[in-house]
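Analysis of the macromolecular model
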Amino acid sequence: MKTYADFVDPAFSGQDYDTSKRPLNGKEINTYIAESFEVFPQYKYDELLWEAFKDEFDGWTHAHFAASNRILRKMTCEYLHFHGLYAADCRTNIDKLMKILTATDFSEIQFPTDVANDLAQKHPDTFLSKSNPVHPQKLEQKHKEIQSYLKQ
């Protein structure tokens, strides 16, 4: 099973990505995506994750995500999905990433109740979202910890 670290190219590690750079370099893009998700704390979910994703990938286009590795795209979509970001009616993982990135309000990518309930039943311990009715107290505690940390 691949991890984000498997997609990091040492030649590009630790560098910011200039979205205006052409031609697109898949290894550089993979490294940026992988390092971004490697450092996203596990407790980021729902709106906090969406805001971090939008900040991290501001200026990215369909072409940027298309230049990335397809396995990395799938891992990224699954991470976002299991952390509360729902991209309905998307045919490809690139479309899902773009829908999440271009959403102007969190409600556009928030889980519908029936879909959240179904996912929570199938994956009660790995669906980390306020939409997961199985763990609301656990997630509320995490949310309080995040808010406390942000105030420091």
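This text goes with the structure placed above it.
Structural notes, computed from the coordinates. (Residues numbered from 1 in each chain as written. Predicted model: local features only at pLDDT ≥ 70, side-chain atom pairs only at ≥ 80, totals over all residues. Heavy atoms only, no water.)

A few words on the overall build of the protein. What the protein contains, in helices and strands, is seven helices and zero strands. Its helices and strands in sequence order give the protein the pattern α-α-α-α-α-α-α, from N to C terminus. Against the compact-globule benchmark of 15 Å for 152 residues, the protein has a radius of gyration of 16 Å, which places it among compact chains. With respect to the principal axes defined by its C-alpha atoms, the protein has extents near 45 × 40 × 35 Å. Relative to its 152 residues, the protein shows a buried fraction of 41%. Partitioning the contacts of the protein with sequence separation of at least 6, the portion at a separation of at least 24 is 63%. Put simply, the protein shows about 8800 Å² of open surface, and 49% of that area lies on carbon and sulfur atoms. Computed over 18 positive and 23 negative side-chain charges, the inter-centroid distance for the protein is 4 Å. (Helix = DSSP H or I, 4+ residues; strand = E, 2+ residues; numbered from the N terminus. Rg over C-alpha atoms; globule rule 2.2 N^0.38 Å. Buried < 20%, exposed > 50% of the residue type's maximum accessible area, 1.4 Å probe, protein only. Contact = heavy atoms within 4.5 Å. Areas by Shrake-Rupley, 256 points an atom, 1.4 Å probe, with all protein chains shown as cover. Lys, Arg positive; Asp, Glu negative; His and termini not counted. Charge placed at Lys NZ, Arg CZ, Asp CG, Glu CD.)

Quick look at the pattern of salt bridges now. Using the criterion set out here, one finds three salt bridges in the structure. Here Glu78 ties to Lys74 by a salt bridge, and the two come within 3.7 Å at their closest N and O atoms. Taken together, the residues Glu78 and Lys74, both in helix H4 (residues 70-82) and four residues apart, mark about one turn of the helix. Residue Glu78 is classed as partly exposed on the basis of its relative accessible area of 39%. The exposure class of Lys74 is partly exposed, given its relative accessible area of 45%. (Salt bridge = Lys/Arg side-chain N within 4 Å of Asp/Glu carboxyl O.)

This paragraph deals with a negative patch on the surface. On the surface, a cluster of negative charge is contributed by Glu47, Glu51, Asp55, Asp58, Asp105 and Glu108. Along the polypeptide, Asp58 turns up in the loop between helix H2 (46-56) and helix H3 (62-66). Relative accessible area serves as the criterion here: at 59%, Asp58 is assigned to the exposed category. (Patch = residues over 30% accessible without salt bridge, like charges linked within 9 Å, V, L, I, M, F, W, Y side chains within 5 Å.)

Shape descriptors only; they carry no functional weight alone.
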